[in-house]
Amino acid sequence: MCGLCGFTGEVSNKVKVIETMADLITHRGPDSAGYFADKDISMGFRRLSIIDLDGGSQPIYNETNTLVLNFNGEIYNYKDIKEDLIKKGHKFYTESDSEVILHGFEEWGSGILNKLRGMFAFAIWDRDKKSLFLARDFFGIKPLHYAKVGGNFIYASEIKSILAFPEFKKVLNKNTLDRYLSFQYAVPPETFFEGVYCLLPGHYMTVKNGEIDIKRYFKAEFNIDENLQLDEAVKSIEDVFKDSVETHRISDVEVGCFLSSGIDSSYVSSYFPGQKAFTVGFEFGEKYNEASWAKRLSKKVGLDHHYKLITSEEFWGTFKKVQYHMDQPLADPSCVALYFVCNLASKYVKVVLSGEGADELFGGYTVYNEPQVFRMYQKIIPQGLRTFLSKFVKKIPFYFRGRSYIIRGEHTTENKYIGNAFMFSFEDKQKILKDSSIATRPQDLCSGFYKETKDYDDVTKMQYLDINLWMVGDILLKADRMSMANSLELRVPFLDKEVFGVASTIPVNLKVNKKNTKYALRVAASKRLPKDTADKEKLGFPVPTRVWLRDKKYYEIVKKAFCGKIARKFFNSDEILKFLEDHYKQKWDNSRKIWTIYTFIVWYSIYFNEEV
């Protein structure tokens, strides 16, 4: 795993500029650095050595030195592609997977992308054509950002490298603040910095003569087989996942795995007898501490288990560092927990496997039950009456059984589901934002995805939305940033295009039913795991923010931020303080909304050098 950056055109002190940009992402590749520069482009690279430890340094050139490559990621089928290229006459001087991409591009152009199996973001400079080719993997496991400044095109694995470009002017993108408040992350392709974008997953771009041309080469389309039986689905999952895990373990260094109490990481770990596994938890009982589950499974599988208990002081003391490494505010508190488990693993191994992507591909989130739960209610009660009932119960100032059901059952999937996190509604944002004119309906942003999936069932629509938004903006972003902050390579065997090929055929009754979510995957996993692990309800990565925000010590920290200069610049202080007070006094659970605002304030203080 590595980091890359670069810019086109002439710049004063260009050598120092590219070195500074690369130095800012040294954590992505502390093993070595490499540079290429001519009058048209400057390219920087930081390397974390995983495959071909001695010979895989970058940049890498083709036989004639006309193509120059910087590559971040791993290609798991590179040996097969290499054999084909050798037969076509290509000469290789390393054993690295990086060189395969370069010769593959030379042979097939953008056609190389659909031949690859792995995670990647890379840049290829054509010295003859004076053109730059950049690409990002199928699901967005590896990041790639870009910007135009005057006549220069800048790109980098992390935004902080782009911010270091001399002519770049740092301005907050207020439209992203609006979306962040609803989604809890910056919705791609826009970022929190005006003029900086992320290349979307499954896309590539060509830059030539100052013109940018972006094209899509992969789309996560579902091809559901309604006749598929459970035993057939389970057998397909078993076969493809075993192959994926074995493929993802290819490395010239030791590979470990993350382990929680859930089915996803547990299923991965079941292929790891004798290897190291890593777990973290909090000091607030079993709900926030999965150690006992992980220890039991480790004994059964035969893992060398390592565990860390995160104290409250450690969590809050590390929060600023985490937001710095994230580049953009992410209001998912599990990113801090992920930082700690990555830090723990980095003391023992260079590579870990993790369970990201299983929920999106196989239908694992509890919210995916909602279309079934509300089907009869929405069929019997007309929309107008559902809206009236929802508005009525929202005004009742106390909780009662059925309140949440009436509120959540008001709208159809397309009119309410924006992903796993829904923080602030359009009406909420109009109240809390100082500049209420930037507030938008989050559902409007999702409408295009629902149009693309109009022929899918509701659960598959939700999966598609999450694959394209939630997984990119939250799940994979934090996985990359938190692992790379600790110079650790994180691999995700569920997010393999062969695994997706199987997952995309599974009908809804084998994903979500009365027994559980992720049903077919659970049945497959049960053949390798204890029954209580395979059947365990989806928990996520629980963090006790709800508890902390009712502790006077942490309540006062957040209150100070909510009364501070940054809060007053962007928010109506009285409104956000009411959220905090109501939570502290246990009137409502506002912890997620509070954390969303607090995270933005802390992030803004770091990147715009202002006191909280």
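The preceding data block contains the structure.
Residues numbered from 1 in each chain as written. Predicted model: local features only at pLDDT ≥ 70, side-chain atom pairs only at ≥ 80, totals over all residues. Heavy atoms only, no water.

1. Here we look at the overall build of the protein chain
Logical step 1: For the protein chain, the helix and strand inventory stands at 28 helices and 17 strands.
Logical step 2: Considered along the principal axes of its C-alpha atoms, the protein chain spans approximately 75 × 60 × 45 Å.
Logical step 3: Long-range contacts, defined here as pairs at least 24 residues apart, represent 73% of the contacts in the protein chain between residues at least 6 apart.
Logical step 4: Only carbon and sulfur atoms are counted for the fraction: they give 50% of the accessible area of the protein chain, which is about 24,000 Å².
Logical step 5: Treating the 87 positive side-chain charges of the protein chain as one cloud and the 80 negative ones as another, the clouds have centres 6 Å apart. (Helix = DSSP H or I, 4+ residues; strand = E, 2+ residues; numbered from the N terminus. Contact = heavy atoms within 4.5 Å. Areas by Shrake-Rupley, 256 points an atom, 1.4 Å probe, with all protein chains shown as cover. Lys, Arg positive; Asp, Glu negative; His and termini not counted. Charge placed at Lys NZ, Arg CZ, Asp CG, Glu CD.)

2. Focus on the sheet that holds strand β15 (residues 304-310)
Hydrogen bonding along the main chain pairs the strands of a sheet, whether they run parallel or antiparallel.
Logical step 1: With parallel pairing, the 5 strands of this open sheet are ordered in space as β15-β14-β13-β16-β17. The open sheet has two edge strands, β15 and β17 (489-491), and neither has a second partner. Shown here is a sheet whose adjacent strand axes are inclined to one another by a mean of 30 degrees, direction ignored.
Logical step 2: Of the strand pairs in this sheet, strand β13 (residues 255-258) and strand β16 (residues 351-353) are connected by 3 bridges, and their pairing is parallel. Note on β16: the bridge partner recorded for Cys-257 is Leu-353.
Logical step 3: Sitting on the sheet, helix α8 (residues 291-301) touches β14 (276-282) and β15, and the angle it makes with β15 is about 175 degrees. (Pairing = 2+ DSSP bridges. Axes fitted to C-alpha atoms, helices over the stretch in contact; angles between N-to-C directions.)

3. Some details on a nonpolar patch on the surface
Logical step 1: Nonpolar side chains collect at one region of the surface, where Leu-385, Phe-388 and Phe-392 lie side by side and expose about 320 Å² of accessible area between them.
Logical step 2: Residue placement: Leu-385 occurs in helix α14 (residues 383-394).
Logical step 3: Residue classification places Leu-385 among the partly exposed positions, given a relative accessible area of 38%. (Patch = residues over 30% accessible without salt bridge, like charges linked within 9 Å, V, L, I, M, F, W, Y side chains within 5 Å. Salt bridge = Lys/Arg side-chain N within 4 Å of Asp/Glu carboxyl O. Buried < 20%, exposed > 50% of the residue type's maximum accessible area, 1.4 Å probe, protein only.)

4. Here's the deal with the pattern of salt bridges
Side chains that differ in sign of charge can pair as their charged atoms come close.
Logical step 1: Going through the model one piece at a time under the given rule, you end up with 40 salt bridges.
Logical step 2: Across the salt bridge formed by Glu-95 and Lys-82, the nearest N and O atoms sit 3.4 Å from each other. Of this pair, Glu-95 sits in the loop between α2 (78-87) and α3 (97-108) while Lys-82 sits in helix α2; the two residues are 13 residues apart in sequence, bridging distant segments of the chain.
Logical step 3: By relative accessible area, Glu-95 is classed as exposed at 52%.
Logical step 4: Look at Lys-82 and you get buried, because its relative accessible area is 11%.

5. Thoughts on a negative patch on the surface
Logical step 1: On the surface, a cluster of negative charge is made up of Asp-225, Glu-226, Asp-231 and Glu-232.
Logical step 2: Mapped onto the secondary structure, Asp-231 falls in helix α6 (residues 230-248).

6. Some words on unusual backbone geometry
Logical step 1: The amide bond that connects Pro-188 to the next residue, Pro-189, takes the cis arrangement and shows omega of 10 degrees.
Logical step 2: By the element assignment, Pro-189 lies in the loop between α5 (174-183) and β10 (196-198).
Logical step 3: Of note in the backbone geometry, Asn-13 takes a positive phi value of approximately 55 degrees without being a glycine.
Logical step 4: Among the structural elements, Asn-13 can be located in the loop between β1 (2-8) and α1 (14-23).
Logical step 5: A relative accessible area of 61% means that Asn-13 is categorised as exposed.
Logical step 6: Here Asn-209, not a glycine, exhibits a phi torsion of approximately 55 degrees, which is positive.
Logical step 7: If you trace the backbone, Asn-209 turns up in the loop between β11 (203-208) and β12 (211-216).
Logical step 8: For Asn-209, a relative accessible area of 70% gives the class exposed.

Don't take any of this as a statement about function, it's just geometry.
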